[in-house]
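# Chain and residue survey
Here's the letter readout for the chains.
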Amino acid sequence: MLAIIAVLALAAAACGGSESSTEDTADDTVSDTEETDAEEPADDADAEDTEEEPADEVEETEDDAAEGEPTGDNTLVFGTTEQPSTIDPADVYEKLASDILFNTTNRLVEFSAETNEIGPGLAESYDISEDGLTYTFNLRQGVVFQDGSEMTSEDVVWSLNRSLNIAHPDGASFLIGSITSIEAPDDYTVVITISEPNSTFLARLNYTVATVLPSDSDVYTAPDAKLEAPSDDDAGAETLLEEAESYIVSDQIVGTGPYQMTDYQPGVSMTLERFEDYWGEAPAIDTVRIVFYESTTQMRNALAAGEIDMAVNDLDPTETSSLEGEEGIEILTDAGGRTSYMVVDVTQPPFDDPAVRRAVAATIDRQRIVDEAFEGQASPLFSMIPENFDVSADHISDIEVELTTDSPIEFELWYPADRYTNQAEVAEIISRSLNESGLFNVTTNTSEWATEYSTHLNDGAYPIYLLGWYPDYLDPDDYIEPFYHSEKTFIGFYGSEEMDSLITAEQEAEPGTPERAEIFDEIQQLAATDMPFIPLYSEGQEAYFNERVQGVEDTLGAAQQTWFYVLSLS
């Protein structure tokens, strides 16, 4: 059975007052249509792997559990093709590793599966100063880490400074980069000051970069001050990366979360066991065993054979459809927030002409992408803000193509060979769609993500290319600032003082207010005029599971986080 669940997506943040407040989103209904929303920067499914017998590698281990066979006891076996590149909060910026940390650690504030809002975490309450610059957190007492030590304000200060000082180039410390001071006036109070009011700050504190770790353990270490490159050249950047890596822990997690990691064999399996001294409600499932697969085909067959209980997001539309007829297998999809788009290098021809960029955006047949590449299991996207946020606005459909050319404009469209679902097919559909207009002559090209593609996102090697995005925090701002702000972007081709001012204004506005919605509309109008990014489609988070697993709907939502602790087994 394929059920589509549109989950209420609420952004949460507060400014100039106290407590949290809800935000700009939508849908909360259950539908049996095939419309979904959503996608990410970090990490989607590898749908094109074709290895035939990766299971043999698993079978050769000494750990029978790693074979992916449900034990029949209170153990959930979770399958994935995503291999965590790191599990250290100072370095993590990808989905599976984030999910592991969301299940094993905590932050001051956390997204609630019950309320769909940012709420208490290790801080049981907080206050925000009238000027929106100072956040005072009152910590829970009696919380212990998985090494037995007590959590206090000293650990919070140390952990946040650790992420900020390591500032790993591949991590997400920029999300909390506005912090100017962190103080601990007593054991259970933390005072954080930021440089300027930002209604998304609490939501950012929910991301794993703000994970609280034990300050006096033998596992984690931290620099005393922010690491700096010794020079501005490539050698300096390499030295900085090496120093940052020296603080990264790749084989252990010590947190305060509902599960603790008790075994990790990279590429084979990971075991999470219920943390008996967890401060919150104990999870219903005793053990979660994560099994890593080399191909989606192998994992799909393992699920159908009952060797694993559950997987999320990894399968392509054909594999998903093939599971619909399997007895005892269920599929749920939420409204999600995964988006896919084209990055345009606005500094080089022909894309230094805004009219060309607008013509490309207006000519692409997005519904054709959804129908042909995703069998209807996605939604056309006409703003970088997906439609599960009620501030999303389409200012692309009304664009009138202004191009008059004697011959088609030629360019090469790049896509990653081994990242995101069906990218080769998506690129070909875009190419055909544009070429049929007579305005363009587009060819496609590709490279491996890890060795080439990811290293050329900012150097101009690819004038126009495909990329995807998972949300870091639940606020429309997470689909705006990282792309359009001239200094706070991870793609550095576009800059506009007007856009920067609008972004600052929406971050200072109260979430959920008409004032902020109007600012987001202005941002999307300007984005459609300048068109440095071309939104394509969105996908929902998708879960595939057998009859044993209960409560999956509670962990599907626009937050794109997989919470094992809300599940149970029948």
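Residues numbered from 1 in each chain as written. Predicted model: local features only at pLDDT ≥ 70, side-chain atom pairs only at ≥ 80, totals over all residues. Heavy atoms only, no water.

## Some words on the overall build of the protein chain
What the protein chain contains, in helices and strands, is 13 helices and 25 strands. Burial statistics for the protein chain: of 570 residues in total, 59% are counted as buried. Put simply, of all contacts in the protein chain between residues at least 6 apart along the chain, 73% involve residues at least 24 apart. In the form shown here, the protein chain has an accessible surface area of approximately 21100 Å², with 42% of it arising from carbon and sulfur atoms. (Helix = DSSP H or I, 4+ residues; strand = E, 2+ residues; numbered from the N terminus. Buried < 20%, exposed > 50% of the residue type's maximum accessible area, 1.4 Å probe, protein only. Contact = heavy atoms within 4.5 Å. Areas by Shrake-Rupley, 256 points an atom, 1.4 Å probe, with all protein chains shown as cover.)

## Some words on the pairing of strand S9 (residues 134–139)
Across the two faces of S9 the burial differs, with Tyr135, Phe137 and Leu139 buried and Thr134, Thr136 and Asn138 not buried at all. In this sheet, strand S11 (residues 189–194) lies alongside S9 in antiparallel orientation, the contact comprising five bridges. Considered in S11, the bridge of Asn138 is made with Thr189. (Pairing = 2+ DSSP bridges.)

## Brief notes about the side chain of Glu319
In this structure, Glu319 sits in helix H7 (residues 317–323). Of the side chains bearing the opposite charge, Arg300 lies closest to the buried Glu319, which forms no salt bridge; the N-O distance is 6.8 Å. A polar contact is formed between the side chain of Glu319 and the side chain of Thr297, at a distance of 3.3 Å. Beyond its immediate sequence surroundings of up to four residues, Glu319 is in contact with Thr296, Thr297 and Arg300. (Lys, Arg positive; Asp, Glu negative; His and termini not counted. Salt bridge = Lys/Arg side-chain N within 4 Å of Asp/Glu carboxyl O. Polar contact = N/O pair within 3.5 Å; in protein donor to acceptor, adjacent residues only side chain to side chain.)

## Points about the packing of helix H12 (residues 497–508) against helix H13 (residues 514–530)
For the pair H12 and H13, the least separation of the axes is 9 Å and the interaxial angle reads 155°. As the angle between them shows, H12 and H13 are arranged roughly antiparallel. Two packed elements cross with a definite hand, and for H12 against H13 that hand is left-handed. Contacts from Glu498, Met499, Leu502, Ile503, Ala505 and Glu506 of H12 reach H13 at Arg516, Ile519, Phe520, Glu522, Ile523, Leu526 and Ala527. The residue inventory of the contact of H12 with H13, partitioned by class, reads nine nonpolar, no polar and four charged. (Axes fitted to C-alpha atoms, helices over the stretch in contact; angles between N-to-C directions. Parallel < 35°, antiparallel > 145°, perpendicular 65-115°, else oblique. Left-handed = near helix turned anticlockwise from the far one by under 90°. Nonpolar A, V, L, I, M, F, W, Y, C, P; charged D, E, K, R; others polar.)

## What to know about the environment of Thr443
Along the chain, the position of Thr443 falls in strand S20 (residues 440–447). For the pair Thr443 and Arg432, spaced eleven residues apart in sequence, the C-alpha to C-alpha distance is 9.1 Å. Filtering out sequence-adjacent residues up to four positions away, Thr443 remains in contact with Phe411, Glu412, Leu413 and Ser431.

## A short note on unusual backbone geometry
Most peptide bonds take the trans configuration, and most residues that are not glycine carry a negative phi. Of note, the amide linkage connecting Pro349 to Pro350 takes the cis form, showing an omega dihedral of 0°. In this fold, Pro350 is placed in the loop between strand S17 (338–344) and helix H8 (354–363). A positive phi angle, near 45°, is found at Ala167, a position not held by glycine. Take Ala167: it is sitting in the loop between helix H3 (153–166) and strand S10 (179–186).

## Quick look at the sheet that holds S10
Strand order in the open sheet made by the four strands is S8-S9-S11-S10, with antiparallel pairing throughout. What marks the edges here is a single partner per strand, and that holds for strand S8 (123–128) and S10. Mean inter-strand twist for the sheet, computed between neighbouring axes without regard to direction, equals 20°. Strands S9, S10 and S11 of the sheet are contacted by H3, whose axis makes an angle of about 165° with S10.

## Topic: the nonpolar core
Counting 143 residues, the largest nonpolar core has Phe137 and Phe440 as its most contacted members. With six residues, H13 is the single largest residue contributor to this core. Core analysis: the second largest hydrophobic core is formed by 13 residues, Val291, Tyr293, Met299 and Ile331 among them. (Core = buried A, V, L, I, M, F, W, Y, C linked by side-chain atoms within 4.5 Å.)

## Some thoughts on the pairing of strand S21 (residues 464–469)
Counted residue by residue, S21 has six buried out of six residues, so it is predominantly covered. The side-chain alternation of S21 yields two buried faces, one formed by Ile464, Leu466 and Gly468 and the other by Tyr465, Leu467 and Trp469. Summarising the sheet, S17 and S21 pair through six bridges and their orientation is antiparallel. For Val343, the partnering residue across the bridge sits in S21 and is Tyr465.

Just distances and angles here, no functional claims.
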